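Observations on the three-dimensional arrangement
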Amino acid sequence: MRLTKFGHACVRIESGSRAVVVDPGSFTEPEAVDGATAVLVTDEHADHFHLDHLRAADAPVFTISAVAEQIAADAPDVADRVTVVAPGQSFDAGHPVSAVGRWHKLIHEEGPRFANSGYLVDVDGLTVYHPGDAFALPAREVDVLLLPVSGPWLRLGEAIDFARAVGAPRNVAIHELISSEIGLGITDARLRDFLGARDQDYVRTSSGSDVPL
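Residues numbered from 1 in each chain as written. Predicted model: local features only at pLDDT ≥ 70, side-chain atom pairs only at ≥ 80, totals over all residues. Heavy atoms only, no water.

What follows concerns the environment of alanine 189. If you trace the backbone, alanine 189 turns up in helix H5 (residues 181–196). Sequence spacing of alanine 189 and glycine 208 is 19 residues, and the spatial spacing of their C-alpha atoms is 22 Å. (Helix = DSSP H or I, 4+ residues; strand = E, 2+ residues; numbered from the N terminus.)

Below, the structure written as structure tokens:
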């Protein structure tokens, strides 16, 4: 398996001739979707999906109903490639995938509530978990957690507790672009300290770089 981190929330998971791309959003480089065989989208916000990327991928798109409705309204040329998935549903995106969770993490109790689905992707004997903008716990063991480390809805202590609860031996930073490098340096240090104490590895890579597995 080859796992490549792209801008902000996007990752590309490759094995053989299959390439599953999760959350190619507005901060993601176009090459992330080159040759993609399936695209997964976690939520309706622009940092998680961009219509130009979906058009360029020319691949099946698996996502929640809120995103599917936006695509149908704004890009009917893409809509016929969209499959709506429900919380807890398992499906085939070239690799076995399971949807996890229902809601985006709240920014504030008085704000709107958005839907969100994380995805467990099983590839070459490993399970990779992309939670989207939420801390929903999966019902089974995870080998690689794609860990959100920054966002208006996120507090570092919650990210630490979430990563510890998931218990993945490998944790890879995502959702980092709204923080400065100084702030991310502090975040990296704390995550390495707290997760390392439980023999959990943590890494943050530059966009376009493969994650060592």
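We now examine the sheet that holds strand S3 (residues 18–22). With respect to topology, seven strands assemble into an open sheet ordered S6-S5-S4-S3-S2-S1-S14, the strand pairing being mixed. Looking at strand neighbours, the two that pair on one side only are strand S6 (82–84) and strand S14 (209–210), the edges of this open sheet. Where strand S1 (residues 2–5) meets strand S2 (residues 11–15), four bridges bridge the pair, whose relative direction is antiparallel. When the sheet's bridge partners are listed, leucine 3 is paired in S2 with isoleucine 13. Its contacts with the sheet place helix H2 (residues 65–74) against strand S4 (38–41), strand S5 (61–63) and S6, and it is angled at close to 150° to S6. (Pairing = 2+ DSSP bridges. Contact = heavy atoms within 4.5 Å. Axes fitted to C-alpha atoms, helices over the stretch in contact; angles between N-to-C directions.)

A word on the pattern of salt bridges. Should their charged atoms come close, side chains of opposite charge can pair. On inspection of all chains with the given rule, the structure shows 13 salt bridges. With its nearest N and O atoms 3.1 Å apart, the salt bridge here joins lysine 105 to glutamate 158. Separated by 53 residues along the polypeptide, lysine 105 in the loop between strand S8 (96–100) and strand S9 (118–123) and glutamate 158 in helix H4 (residues 156–166) bring together distant segments of the chain. Assessed through its relative accessible area of 24%, glutamate 158 is described here as partly exposed. In this structure, the salt-bridge partner of arginine 140 is aspartate 122, at a minimum N-O distance of 3.0 Å. (Salt bridge = Lys/Arg side-chain N within 4 Å of Asp/Glu carboxyl O. Buried < 20%, exposed > 50% of the residue type's maximum accessible area, 1.4 Å probe, protein only.)

Side chains of a nonpolar character, in soluble globular proteins, are inclined to be buried together. Membership of the largest hydrophobic core comes to 45 residues, with the highest contact counts inside it found for Leu40, Leu54, Ile71, Phe91, Tyr119 and Leu146. Among the nonpolar cores identified, the runner-up in size contains 21 residues, and Val100, Leu120, Val166 and Tyr202 belong to it. (Core = buried A, V, L, I, M, F, W, Y, C linked by side-chain atoms within 4.5 Å.)

Our focus in this paragraph is the pairing of strand S12 (residues 170–174). Taken residue by residue, a regular strand's side chains alternate between the two faces of the sheet. Judged by how many residues are buried, S12 sits mostly within the fold: five of five residues are covered. Every second residue of S12 is oriented toward a common face, with Arg170, Val172 and Ile174 on one face and Asn171 and Ala173 on the other, all of them buried. The pairing of strand S11 (residues 144–148) with S12 spans five bridges and is classified as parallel. Its bridge partner being in S12, valine 144 is matched across the sheet by arginine 170.

With that settled, consider the pairing of S1. Remark: five residues form the turn of the hairpin made by S1 and S2, two consecutive strands paired antiparallel; histidine 8 in that turn has positive phi of roughly 65°. When S1 meets S14, the two strands line up antiparallel, connected through two bridges. Counterpart to lysine 5 in the pairing with S14 is serine 209.

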